[in-house]
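# Structural characterization, general
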Amino acid sequence: KFATLAGGGYVHRRHLDGVPPDHVEAARLFLATPYLWGGRTVHGLDCSGLVQIALQAIGVVCPRDADQQRALGREIDPADRRRGDLVFFPGHVGILVDADTLLHANAFWMLTVIEPLADVVARGSEIEAIRRV
């Protein structure tokens, strides 16, 4: 009835039902959650909180803030971006749903949304880096 965790310890198998297959699906669970700077719950979260929760849901250790998260994984050429890559802007981070669509908690919409990456860039958000975890 129990599963052994990679880091040691055990968890009842019933708690593993519904574990998302990847961090994109984990982040999708928070769609329409209000934006709240410093938040990390369904009552409100910020961009880096969303990324942290999504990565932790699939077992990836992730720091709390976007500037720290920028050290995760490896840098990707923007032309090679794909689902799951993290996109960094000045003071902001989001997760690609596909090469051209961003899932992020943001102060523009004051919600967690999925929108075209081009729309985010058109609002003046310059892409600083794309990283693959």
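The present account deals with the structure reproduced in this document. (Residues numbered from 1 in each chain as written. Predicted model: local features only at pLDDT ≥ 70, side-chain atom pairs only at ≥ 80, totals over all residues. Heavy atoms only, no water.)

### What about the nonpolar core?
Counting residues in hydrophobic clusters, the biggest one holds 23 residues, and the most contacted among them are Ala 27, Leu 50, Val 51, Leu 55, Leu 86, Val 93 and Ile 95. Every element with two or more residues in this core is listed here: helix H1 (23–28), helix H2 (47–57), strand E6 (86–89), strand E7 (92–98) and strand E8 (101–106). With 6 residues, the single largest contributor to this core is H2. Beyond its immediate chain neighbours, meaning those up to four positions away, Val 51 contacts Cys 62, Gln 69, Leu 86, Val 93 and Ile 95. Counting 8 residues, the second largest nonpolar core, distinct from the first, contains Ile 76, Leu 96, Leu 117 and Ile 130. (Core = buried A, V, L, I, M, F, W, Y, C linked by side-chain atoms within 4.5 Å. Buried < 20%, exposed > 50% of the residue type's maximum accessible area, 1.4 Å probe, protein only. Helix = DSSP H or I, 4+ residues; strand = E, 2+ residues; numbered from the N terminus. Contact = heavy atoms within 4.5 Å.)

### So, the packing of aromatic side chains
Tallied over the full model, the rule gives 1 aromatic pair. When the ring of Phe 108 is compared with that of Trp 109, the centres are 4.9 Å apart and the planes differ by 90°; the resulting orientation is edge-to-face. The positively charged end of Arg 123 is found above the aromatic ring belonging to Phe 108, 4.0 Å away from the centroid. (Phe/Tyr/Trp six-rings, centres within 6.5 Å; stacked < 30°, edge-to-face > 60°. Lys NZ or Arg CZ within 6 Å of the ring centre and 35° of its normal.)

### Observations concerning a nonpolar patch on the surface
Residues Phe 108, Trp 109 and Leu 111 make up a contiguous nonpolar surface patch of roughly 320 Å² in combined accessible area. By the secondary structure assignment, Phe 108 is in the loop between E8 and strand E9 (111–116). Residue classification places Phe 108 among the exposed residues on the basis of a relative accessible area of 52%. (Patch = residues over 30% accessible without salt bridge, like charges linked within 9 Å, V, L, I, M, F, W, Y side chains within 5 Å. Areas by Shrake-Rupley, 256 points an atom, 1.4 Å probe, with all protein chains shown as cover. Salt bridge = Lys/Arg side-chain N within 4 Å of Asp/Glu carboxyl O.)

### Quick look at the sheet that holds strand E10 (residues 129–132)
An order of E5-E10-E6-E7-E8-E9 is seen for the 6 strands of this open sheet, with the pairing classed as antiparallel. The open sheet has two edge strands, strand E5 (74–75) and E9, and neither has a second partner. When E7 meets E8, the two strands line up antiparallel, connected through 3 bridges. Paired with Asp 98 across the two strands is Thr 101, which belongs to E8. Relative to the sheet, H2 contacts E6, E7, E8 and E9, its axis offset from that of E7 by approximately 50°. (Pairing = 2+ DSSP bridges. Axes fitted to C-alpha atoms, helices over the stretch in contact; angles between N-to-C directions.)

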